[in-house]
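# Chain and residue survey
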Amino acid sequence: MYSSEQLKDWDKRYIWHPFTQMGDYMESDPLIIERGEGFHLIDVEGRRYIDGVSSLWVLVHGHGRRELIDAIERQSKELCHSTLLGLANVPAVVLAKELAAITPGGLERVFYSDNGSTSVEIAIKMSYQYWQQRGEKKKKRFISFTNGYHGDTIGSVSIGGIDLFHKVYRPLLFRSYKAPSPYCYRCPLKLERGSCGMACVGEFERIVKKYKDEVCAVVIEPLVQGAGGMITQPEGFLGRVWRIAKDNGLHFITDEVAAGFGRTGTMFACEQEGVEPDFLCLAKGITGGYLPLAATVTTKEIFNGFLGRFDEFKTFFHGHTYTGNPVACAVAVENLALFKKERTIERMADKIALLRDGLKRFSDLPNVGEVRQRGFMVGIELVKSRKTKRPYPPAAKVGQRVTLEARKRGVIIRPLGDVIVLMPPPAIDSGTLKELVDVTYDSIKKATGAP
């Protein structure tokens, strides 16, 4: 219907792309995707690309899955939308029951929204209001971690820990406390991995004990800090910070927007260390990548804290127009059914091992500082000097160069600065996974000038 040149012209003329320096983009040759097939994307000129980051960490079972498309079509014929403000709809009810059944123990109330930022924003507001209604008026703060990312709304930015994204908005934000991230490759405490005794946990505990009377909750990305650079936490870190938070009477909010629905090798990352949060924030893979949807899942105790007479005004005064959208909920129910039917999580184990083996040779490249992996979440940190860990200057745009090299070879990936990210769909086949790894290796080698 439209020529590729016409579309590219309109793209540059009318769209403002997120997290994109538009000055550079206006000088580039835009890549415009027309359709998807399985684990590939196809552009308007018919070129095929492996979807190496699951279309920004959302795709699970592949593009064009008939079961998911049918679920959308069936529900669209029945009901496209109906408000959840004082009403319910069938798919929202069914999905809530399904989520309560598969999330960690004690989580049984589901509050829907539209995206990861809002799922975290809701948890923050719920925790704050819960304590206020308990008479704990001093509790107004939150503890989170440096290098953390929880979304782009003002509340979620306030607990974020990435200066590149958040510093410019600081005058708009509420104050929160930041504990050091367990970024072992660049330890903020200047200690060495293996001999540090996980001192970052001790620093976290110090902050908790100092401020617990004014803190509502601890907020964490469990096992992996995604947007911070795929920073993997050492074994035991998550469980220890959870126990400290609970021992000191604080709520524990796990942001599994990125890590949930199989990305770390289990349905939810917090399962791996027996963590039972007070709030579990979900989005991205919840619909398999087919429609926007998010959920904040919480406990009976939290829910009961909002019950009362109408004139007590304990209502949670928060909601979105498309909260609990029936079409999105219907495809999410079918997504969970596919997890069970195809044993998606169980079948990931061999592919996680295949990915681990494929990544070993990356350490031979002179400008690869560290390779981090947890399940299907991978970060390959590129450095100017491996010996000193000195990063490339931003103007070198090495991460972008790797991305463009990969694109030439039929793979779409997106870096976080100079950390090359791989986040393949959990259901990807082994052959395509191997090709993704091989192309990424060749692209890094070419972009960094490795022999």
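Note: the structure precedes this text.
Residues numbered from 1 in each chain as written. Predicted model: local features only at pLDDT ≥ 70, side-chain atom pairs only at ≥ 80, totals over all residues. Heavy atoms only, no water.

If you trace the seven strands from one edge of the open sheet to the other, you get β4-β12-β11-β10-β7-β5-β6, paired in mixed fashion. Each end of this open sheet is capped by a strand with a single partner; those strands are β4 (107–113) and β6 (177–179). Taking each pair of neighbouring strands and ignoring which way they run, the sheet shows an average axis angle of 20°. Lying on the sheet, helix α5 (residues 90–102) is in contact with β4, β11 (279–282) and β12 (294–299); it crosses β4 at an angle near 135°. (Pairing = 2+ DSSP bridges. Helix = DSSP H or I, 4+ residues; strand = E, 2+ residues; numbered from the N terminus. Axes fitted to C-alpha atoms, helices over the stretch in contact; angles between N-to-C directions. Contact = heavy atoms within 4.5 Å.)

Taken in spatial order, the three strands line up as β13-β14-β16 in an open sheet, and their pairing is antiparallel. With partners counted over all chains shown, the strands left at the sheet margins are β13 (368–374) and β16 (419–422), one partner each. If you compare each strand with its neighbour and ignore which way they point, the axes differ by 15° on average. Where strand β14 (residues 377–382) and β16 come together, four bridges link them in antiparallel fashion. Following the sheet pairing, Gly 379 is matched in β16 by Val 421. Packed onto the sheet, helix α13 (residues 344–359) meets β13, β14 and β16 and runs at close to 175° relative to β13.

On to the pairing of strand β5 (residues 141–145). When you tally the buried positions in β5, you get five out of five residues, the bulk of the element. On β5, burial covers both faces: Arg 141, Ile 143 and Phe 145 on one face and Phe 142 and Ser 144 on the other are all buried. When β5 meets strand β7 (residues 215–220), the two strands line up parallel, connected through three bridges. Paired with Arg 141 across the two strands is Val 215, which belongs to β7. Where β5 meets β6, three bridges bridge the pair, whose relative direction is parallel. (Buried < 20%, exposed > 50% of the residue type's maximum accessible area, 1.4 Å probe, protein only.)

Over its 13 residues, helix α4 (residues 66–78) extends 18 Å from the first C-alpha to the last, a length consistent with the 18 Å expected when each residue adds 1.5 Å. Within the sequence span of α4, burial applies to Leu 68, Ala 71, Ile 72 and Gln 75. The arc that holds the buried residues of α4, viewed along the axis, is 95°, so those residues lie on one side. Among the structural elements, α5 and α12 (326–341) are those in contact with the buried residues of α4. (Expected span 1.5 Å × (residues − 1). Arc of directions from axis to C-beta.)

So, on to the pattern of salt bridges. Applying the stated criterion across every chain, the model contains 29 salt bridges. Between Arg 48 and Glu 37 there is a salt bridge; the shortest N-O distance is 2.9 Å. Highlighted residues: Arg 48 in strand β3 (residues 48–51) and Glu 37 in strand β1 (residues 33–37), separated in sequence by 11 residues. Note on Arg 48: relative accessible area 41%, which makes it partly exposed. The class for Glu 37 is partly exposed, based on a relative accessible area of 35%. One salt bridge in this structure joins Arg 170 and Asp 163, with 2.9 Å as the shortest N-O distance. We classify Arg 170 as partly exposed; its relative accessible area is 47%. Each of Lys 8, Asp 29, Asp 43, Glu 45 and Arg 47 takes part in one network of salt bridges that share partners. (Salt bridge = Lys/Arg side-chain N within 4 Å of Asp/Glu carboxyl O.)

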